[in-house]
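Coordinates in review
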Amino acid sequence: MSAFPASDRPVLLLYVGGTIGMVETPHGLAPGPDFTRRLHQTLATLPPSSHASLPDFVVRESPHPIDSSGATPADWQRLGREIAAALPEHAGVVVLHGTDTLAWSASSLAFQLQGLDRPVVVTGAMRPLDADGSDARDNIELALRFAAQPLLQEVGVAFGGRLLRGVRSRKVGAQEAFTTPHYPLLGERVGDDAVLFASRTLVSQQRGAPRFELADYAGGLAHGSVARIALWPGIQAWQLDAWLRDDRVKGALLEVWGGGNAPDDPALLGVLAQASGEGKLLAAVSQCPTGGVTLGRYAAGRGLADADVLSGDTMTPEAAYTKLVHLLALPLDDAERRRRFLTPLVGER
Ligand code: ASP
C-alpha cells in the first residue's frame, strides 16, 4: 500500500462495456475498440476550466467489454474482486457499465464491498461517447468528481447530474434513466461542482462494519440458482412448483401484489412452505414501483409470512435479488442468512 493519503492517489476508471463505449456495426451497436483514446478525446471537449479541475485518473479497459444485458453474477464477482484489489492504490473507482443491468451490478457491488472507506461510482450513458448529444461526457465527468470525494464511502450511481445510492437504484426510463424510489439523492451537480449530501451517505454508519465480503458466486449461483418470479392473476401452484422443486434452485425472489399480498390459495402457499422447509431462501418485494411490503398486514399476505417468505420491505428487486445471491454464497446457516436478509447491511432497506 502507498504511504500517501488516499486522496493523493488517482481515481481508477474501469471500462467494462455498455453503450457508452459502443460503435455502430453492421449488427447494431456493439463494444468498440480503442476506448481510452476516445475517452480522452471526449473529455478534451470539456470547457478548459472543467477539464483542468478533473481529478487525476487512470483508465483500465476490460479485455472483453460486454453489453450489460449479458452480465451474470460471475461478472459481478469478477468486478467486485478487481475493485477490491485496486482500491488501496486509488482514491476511488469509477465503473463505466451498460445501463441495462447497471442497477444489478451496483447492488451486488454494495454487498460485496461492505465496509468501503472510499467511493465506488458506477455510470454509463444512454448514447455512445462519440454520438452527437451523448450524455457520456457529462456522466463520466460527474462520476470522476464524486469518486474523488473521501466522504463518499459506498457504491453510488452517477447519472444525469445526480448521485444515487447504488443499492437503491433502478433503471426507469430513457430520459431520467435512474432513480432511487425510496431514498433521497446522495448528491448532485451544481454548476461545475459535484455536491455531496454527506449526511445521507453511509459514512457515519459504516464504522465497525466488516471489510469486504468477496463471496464465491461460482457454480449454480452464477447461473440462475436464485429465481425471480413475478405473480400474475391466475398463477397456479404447479407453475410455482415447476420453478421451486428443482434442486438447482436455492432461493427465489417473489414479486407480489401491493403491500405484500398473494392469492389465498392453499396449494400455492403450500408450495412456498415446502420450498422454505427444504432450506430454500424465499423473499418478497412488491410489484408496485413505490411502497414496500409488510407481510401479514392483510389476510392475503398472512400466507406468505406463514410460508416463511422473508419481507423485502422497500428493497428494490435488484437489491433483494443480489442480496439473496450474496447470502446464499456465504458459509452461513439458514437462521443467520434470514437474519442478515432482514437487517440493513449497506442502506438497502
Ligand atoms: N444494452 C446496453 C447495455 O446495457 C444499454 C446501455 O448501455 O445503455 O450494455
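Above this note sits the structure.
The structure reproduced in this document is the subject of the present report. (Residues numbered from 1 in each chain as written. Predicted model: local features only at pLDDT ≥ 70, side-chain atom pairs only at ≥ 80, totals over all residues. Heavy atoms only, no water.)

This model, assessed by the stated rule, comprises two cavities of 30 Å³ or more. Empty space within the largest cavity amounts to approximately 80 Å³. Around the largest cavity sit 14 residues that line it, and A110, E154, V155, L202 and V346 are the ones nearest its centre. In the lining of the largest cavity, the residues fall into eight nonpolar, four polar and two charged. Together, D241, L244, R245, V271, Q274, A275 and E278 line the second largest cavity. For the lining of the second largest cavity, the elements supplying multiple residues, two or more each, are α6 (237-244) and α7 (266-277). When residues of the lining of the second largest cavity are assigned to their parent elements, the largest contribution, three residues, is made by α7. Residues of the lining of the second largest cavity, tallied by class, amount to three nonpolar, one polar and three charged. (1 Å grid on protein atoms, 1.4 Å probe; cavity = no way out; pocket = protein on both sides within 12 Å on 5 of 7 lines; lining within 4 Å. Points joined across faces, edges and corners; volume = space filled by probe spheres on them. Nonpolar A, V, L, I, M, F, W, Y, C, P; charged D, E, K, R; others polar. Helix = DSSP H or I, 4+ residues; strand = E, 2+ residues; numbered from the N terminus.)

We now examine the environment of G219. Along the chain, G219 falls in the loop between β12 (193-196) and β13 (226-230). Owing to a relative accessible area of 44%, G219 belongs among the partly exposed residues under this scheme. G219 sits 111 residues away from L330 along the chain, and the two C-alpha atoms are 13 Å apart. (Buried < 20%, exposed > 50% of the residue type's maximum accessible area, 1.4 Å probe, protein only.)

One pass over the full model with this rule turns up three aromatic pairs. Centre to centre, the rings of Y15 and F35 are 3.8 Å apart; their planes meet at 10 degrees, and the pair counts as stacked. Of this pair, Y15 sits in strand β1 (residues 11-17) while F35 is found in helix α1 (residues 35-43), placing the two residues 20 residues apart along the sequence. For F35, a relative accessible area of 0% puts it in the buried group. Sitting over the face of the ring of F341, K323 holds its NZ or CZ atom 5.4 Å from the ring centroid. (Phe/Tyr/Trp six-rings, centres within 6.5 Å; stacked < 30°, edge-to-face > 60°. Lys NZ or Arg CZ within 6 Å of the ring centre and 35° of its normal.)

A few words on the environment of Y15. On the basis of relative accessible area, Y15 is assigned to the buried category, the value being 0%. In sequence terms Y15 and H97 are 82 residues apart; their C-alpha atoms lie 6.7 Å from each other. With sequence-adjacent residues up to four places away left out, Y15 is seen in contact with I20, G21, P31, F35, R60, E61, S62, P65 and L96. (Contact = heavy atoms within 4.5 Å.)

Turning our attention to the sheet that holds strand β8 (residues 162-165). Within the open sheet, the eight strands sit side by side as β4-β1-β5-β6-β7-β8-β11-β12. Their pairing is mixed. Two strands bound the open sheet, and with one partner strand each, they are β4 (57-66) and β12. Taken over all neighbouring pairs, the strand axes of this sheet differ in orientation by 20 degrees on average, direction set aside. Both β1 and β4 contribute to a ladder of six bridges, which runs parallel. Counted as the bridge partner of L12 is V58 from β4. Contacts from α1 reach β1, β4 and β5 (92-96) within the one sheet, and its direction differs from that of β4 by about 130 degrees. In this fold helix α4 (residues 102-112) packs onto β6 (120-123) and β7 (155-159), with an angle of close to 155 degrees to the strand it touches most, β7. (Pairing = 2+ DSSP bridges. Axes fitted to C-alpha atoms, helices over the stretch in contact; angles between N-to-C directions.)

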